[in-house]
Amino acid sequence: MRYTIFFIIGLILIGFSLYKLKARIDFISNAERATGTVTAMTVDDGAYYPVFTIHTKESAPLIYRHHNGSNPASWAVGDTATFLYNPAQPSYAIRKTYEDLFGWSIAFIVVGLPLMIIGGGYYLLNPKRRFSKQSAF
């Protein structure tokens, strides 16, 4: 029973990661580039979080607080980074890094693929199922 659960959970995670991957690729294909500048540093639980001001072509500057903090601070006021944003919805911006764009998709694939292999491999390689005339699927 647990191998069936492994296989189903792995299948769900792979499906969700492919959905997120397609959504990000669609976002990137329609996105515009903008440069953001660190204008402030906020401190939360001893970690420093950079606050970016992003100047877009269409609207007023966007304020973006980065989701990763560090101690000591890895950013300084005045540092710049490239962001992607959707011109139809300029309030949504993502920093143009591999981790920020594809991190969750890769994480779900890394967890889902072994679960799917373990769960599916049990049914394909289990000698009891092979000799009892039950189909593998």
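See above for the structure.
Residues numbered from 1 in each chain as written. Predicted model: local features only at pLDDT ≥ 70, side-chain atom pairs only at ≥ 80, totals over all residues. Heavy atoms only, no water.

> I keep staring at the pattern of salt bridges and nothing clicks. Help me out?
When the charged atoms of two side chains with opposite charge come close together, those side chains can pair. This structure, assessed with the given rule, holds three salt bridges. A salt bridge links glutamate 32 to lysine 57, with the nearest nitrogen and oxygen atoms 3.5 Å apart. Taken together, the positions of glutamate 32 in strand β1 (residues 32-44) and lysine 57 in the loop between β2 (47-54) and β3 (62-65) put the pair 25 residues apart, joining distant regions of the chain. Among the residues examined, lysine 57 registers a relative accessible area of 65% and is labelled exposed. Between arginine 95 and aspartate 100 there is a salt bridge; the shortest N-O distance is 3.2 Å. (Salt bridge = Lys/Arg side-chain N within 4 Å of Asp/Glu carboxyl O. Helix = DSSP H or I, 4+ residues; strand = E, 2+ residues; numbered from the N terminus. Buried < 20%, exposed > 50% of the residue type's maximum accessible area, 1.4 Å probe, protein only.)

> Can you help me understand the side chain of histidine 66 in this one?
Structurally, histidine 66 can be placed in the loop between β3 and β4 (80-86). Polar side-chain contacts of histidine 66 include one of 3.5 Å to the side chain of arginine 95. With sequence-adjacent residues up to four places away left out, histidine 66 is seen in contact with Tyr49, Pro50, Phe52, Trp75, Arg95 and Asp100. (Polar contact = N/O pair within 3.5 Å; in protein donor to acceptor, adjacent residues only side chain to side chain. Contact = heavy atoms within 4.5 Å.)

> Just to check I follow, could you spell out the nonpolar core for this structure?
In globular proteins that are soluble, nonpolar side chains generally tend to be buried together. Membership of the largest hydrophobic core is limited to 11 residues, which are Ala34, Val38, Phe52, Ile54, Leu62, Tyr64, Trp75, Ala81, Phe83, Tyr85 and Ala93. Within the residue set of this core, elements represented by two or more residues are β1, β2, β3 and β4. With three residues, the single largest contributor to this core is β4. Filtering out sequence-adjacent residues up to four positions away, phenylalanine 52 remains in contact with Gly36, Thr37, Val38, Thr39, Leu62, Ile63, Tyr64, His66, Trp75, Ala81 and Phe83. Judged by nonpolar contacts, the second largest core, of six residues, contains Ala31, Leu84, Leu101 and Phe102. (Core = buried A, V, L, I, M, F, W, Y, C linked by side-chain atoms within 4.5 Å.)

> Any chance you could explain the pairing of β1 here in plain terms?
Regular strands place side chains that alternate from one sheet face to the opposite one. In this structure, β1 lies alongside β4, joined through six bridges in antiparallel fashion. Counterpart to threonine 35 in the pairing with β4 is threonine 82. Sheet analysis places β1 next to β2, joined by eight bridges and oriented antiparallel. Paired with threonine 37 across the strands is threonine 53, a residue of β2. Counted between consecutive antiparallel strands, the loop separating β1 from β2 contains two residues, among which aspartate 45 sits at a positive phi close to 55°. (Pairing = 2+ DSSP bridges.)

> Would you take a moment to explain the packing of helix α1 (residues 2-30) against helix α2 (residues 98-125) for this structure?
Helices that pack against each other are described as a pair by the angle of their axes relative to one another and the distance between those axes. Contact pair α1 / α2: the axes reach a minimum separation of 7 Å and the direction vectors enclose 155°. Of the possible angle classes, the one that applies to α1 and α2 is roughly antiparallel. α1 and α2 meet at a crossing whose hand is left-handed. (Axes fitted to C-alpha atoms, helices over the stretch in contact; angles between N-to-C directions. Parallel < 35°, antiparallel > 145°, perpendicular 65-115°, else oblique. Left-handed = near helix turned anticlockwise from the far one by under 90°.)

> Help me understand a nonpolar patch on the surface, please; the structure alone is not making it clear to me.
A grouping of Phe7, Ile8, Leu11 and Ile12 is seen on the molecular surface, where their side chains present a nonpolar patch of about 360 Å² in accessible area. Along the chain, phenylalanine 7 turns up in helix α1. (Patch = residues over 30% accessible without salt bridge, like charges linked within 9 Å, V, L, I, M, F, W, Y side chains within 5 Å. Areas by Shrake-Rupley, 256 points an atom, 1.4 Å probe, with all protein chains shown as cover.)

> Just to check I follow, could you spell out the pairing of β3 for this structure?
Only one face of β3 is buried: it carries Leu62 and Tyr64, and the other face, with Ile63 and Arg65, is open. Sheet analysis places β2 next to β3, joined by four bridges and oriented antiparallel. Note that in β3 the partner of isoleucine 54 across the bridge is leucine 62.

> What should I look at first to understand α2 in this one?
Because an α-helix completes one turn every 3.6 residues, residues spaced three or four positions apart along the sequence face the same direction. Of all the bends found along α2, the most pronounced is centred on tryptophan 104 and spans about 35°. Buried within α2 we find Asp100, Leu101, Phe102, Ser105, Gly112, Gly119 and Gly120. Those residues of α2 hidden inside the fold are in contact with α1, β4 and β5 (89-95). (Bend = angle between axes of the 7 residues up to and from the residue.)

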